[in-house]
Amino acid sequence: MSTSSFVRPMLLLGAMVWLAAPSIAQTPPAPTPPPPYQWPATLRNAQVLPADMGAQALRGTMIVFATGLGVRCSYCHVGGDDVPLAERDFASDANPKKAIARAMMRMTTAINEEALAAIPGLNQPRVTCYSCHRGAVTPLLRPEQPVVVPTPPPLPPPAH
Ligand code: HEC
Ligand code: HEC
């Protein structure tokens, strides 16, 4: 590529930017993004989680819930996805899914601390929301793909 074949398009581009500049200056400034959400250090309406669990632990728990079910915050909390997090009322119980989620938390604890704890000889006696939900609201009842049943190996020759 010769120098001019590089420079000429650049000059043209410069002219285009310059020509466009007045209209850019007239467009209203972009709305300032909302400030980052400050997770509360204390829950105002804790019924299952420890109220003083701290902002980081609460954030981690809510992200585990959302990713475990493959949903956004608004699935369990009031306030649409278009409402900035800082303006939503997360302590509200108006969304009925929140009560279901609390029952699920109690059920998960009961499975871990009672049902699985009573079965000896397990390697990992623990379930999480993801164990059942696998990133979906409704856990699957059976494999999605037809199960491929492997052909059994040939029988060993008779031993006599
Ligand atoms: C699967 C349902 C579910 C999802 C999804 C979920 N939450 Fe929650 N959230 C809950 C439940 C249930 C509680 C109350 C726990 C309790 O009662 O101990 C809660 C509590 C909270 C609280 C504390 C409110 C208070 O009492 O002061 C905040 C803040 C919060 N969630 C934010 C979020 C954010 C932000 C998201 C998205 C990243 C989110 N949650 C996603 C179910 C959910
Ligand atoms: C032992 C399996 C299992 C575990 C563990 C589990 N869930 Fe569930 N969950 C289910 C089943 C089954 C349903 C009913 C689905 C339906 O009716 O469509 C359900 C439904 C839900 C629903 C309602 C979904 C809807 O809108 O119909 C929410 C919310 C939920 N679970 C949250 C959670 C959270 C949060 C956790 C972890 C604390 C959790 N679940 C752990 C099996 C489980």
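From a predicted model like this one, the values you see are computed outputs, not experimental measurements. (Residues numbered from 1 in each chain as written. Chains lettered and ligands numbered in written order. Predicted model: local features only at pLDDT ≥ 70, side-chain atom pairs only at ≥ 80, totals over all residues.)

Another point: the overall build of the chain. Per the secondary structure count, the chain includes four helices and zero strands. What you see in the chain, going N to C, is helices and strands ordered as α-α-α-α. Long-range pairs, those at least 24 residues apart, make up 39% of the contacts in the chain between residues at least 6 apart in sequence. (Helix = DSSP H or I, 4+ residues; strand = E, 2+ residues; numbered from the N terminus. Contact = placed C-beta atoms within 7 Å.)

So, on to the confidence of the model for the chain. Looking at the chain, pLDDT values average 86 and 84% of them are 70 or higher. Segment residues 14-22: pLDDT under 50, and zero contacts once partners within four positions in sequence are set aside and those in other chains are kept. (pLDDT = per-residue confidence, 0-100.)

A few words now on the site of ligand 2. Near ligand 2, the surroundings consist of 16 residues, among which Ala101, Met104, Cys129, Cys132 and Thr138 are the closest. Among the secondary structure elements, those contributing two or more residues to the shell around ligand 2 are α2 (55-69), α3 (96-115) and α4 (129-133). The dominant element in the shell around ligand 2, judged by the number of residues it contributes, is α3, at six residues. Residues belonging to the shell around ligand 2 are distributed by class as follows: 11 nonpolar, four polar and one charged. (Near = placed C-beta within 6 Å. Nonpolar A, V, L, I, M, F, W, Y, C, P; charged D, E, K, R; others polar.)

Within the secondary structure, Ala103 sits in helix α3. Given 11 C-beta atoms within a 10 Å radius, Ala103 is considered exposed. Distance in space between the C-alpha atoms of Ala103 and Val48 is 9.0 Å, their sequence separation being 55 residues. (Buried ≥ 20, exposed ≤ 12 C-beta atoms within 10 Å, placed from the backbone.)

We now examine the environment of Val64. Structurally, Val64 is set in helix α2. Residue classification places Val64 among the partly exposed positions, given that 13 C-beta atoms sit within 10 Å. Measuring from C-alpha to C-alpha, the distance between Val64 and Thr128 comes to 9.1 Å, with 64 residues separating the pair along the chain.

Further remarks concern α3. Quick reminder: α-helices carry 3.6 residues per turn. Residues three or four places apart thus point the same way. Taking 1.5 Å per residue, 20 residues should reach 28 Å; α3 reaches 27 Å between its end C-alpha atoms and fits that length. Buried residues are scarce in α3, accounting for zero of its 20 residues. (Expected span 1.5 Å × (residues − 1).)

Around ligand 1 sit 26 residues, and of these Leu49, Met62, Cys73, Cys76 and Phe90 come closest. Secondary structure elements with two or more residues in the shell around ligand 1: α2 and α3. When residues of the shell around ligand 1 are assigned to their parent elements, the largest contribution, six residues, is made by α2. Its residues assigned to classes, the shell around ligand 1 shows 19 nonpolar, three polar and four charged.

Further remarks concern unusual backbone geometry. Positioned with a positive phi, Arg134 is a non-glycine residue whose angle comes to about 50 degrees. Positionally, Arg134 belongs in the segment after α4.

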